[in-house]
Amino acid sequence: TVLHATAADGMADLQLIRGTCHYATVGSATAITAGDELEAAASGRLVKKAEGTALAVALQAASAAGHVIRVIYY
């Protein structure tokens, strides 16, 4: 992600650069393996895709909530 200078109205301009590696925090204890698709959880963290829309793919494994892994956002 890229955070530009704050605009005059106090809103920040946040831009997602797709197709590049980012870090994300895992939001559940469900094991994630490299290549798993991930979806957003209510906490704002990513979890293994079950029924929602896939937002990213995991580049690393994770086994517990709170782990930080590398992902590529779609």
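Everything numeric in this text was worked out from a predicted model, so none of it was measured.

### Here we look at the nonpolar core
Formed by A24, V26, I32, L38, L46, A56, A58, A62, I69, V71 and Y73, the largest nonpolar core amounts to 11 residues. At the level of elements, strand 6 (56-58) and strand 7 (68-73) are the ones that each hand at least two residues to this core. The element best represented in this core is strand 7, accounting for three residues. Ignoring anything within four residues of it in the chain, the contact list for A24 reads L46, H67, V68, I69, V71 and Y73.

### As for the confidence of the model for the protein
Residues of the protein with pLDDT of at least 70 account for 74%, and the chain-wide mean is 80. Averaged over each element, pLDDT in the protein is lowest for strand 1 (residues 2-3) (42) and highest for strand 5 (residues 46-48) (93). This stretch, residues 1-5, has a pLDDT under 50; its non-local contacts, to residues over four places away or in other chains, come to 13 contacts.

Rules behind the numbers
- Residues numbered from 1 in each chain as written.
- Predicted model: local features only at pLDDT ≥ 70, side-chain atom pairs only at ≥ 80, totals over all residues.
- Heavy atoms only, no water.
- Core = buried A, V, L, I, M, F, W, Y, C linked by side-chain atoms within 4.5 Å.
- Buried < 20%, exposed > 50% of the residue type's maximum accessible area, 1.4 Å probe, protein only.
- Helix = DSSP H or I, 4+ residues; strand = E, 2+ residues; numbered from the N terminus.
- Contact = heavy atoms within 4.5 Å.
- pLDDT = per-residue confidence, 0-100.

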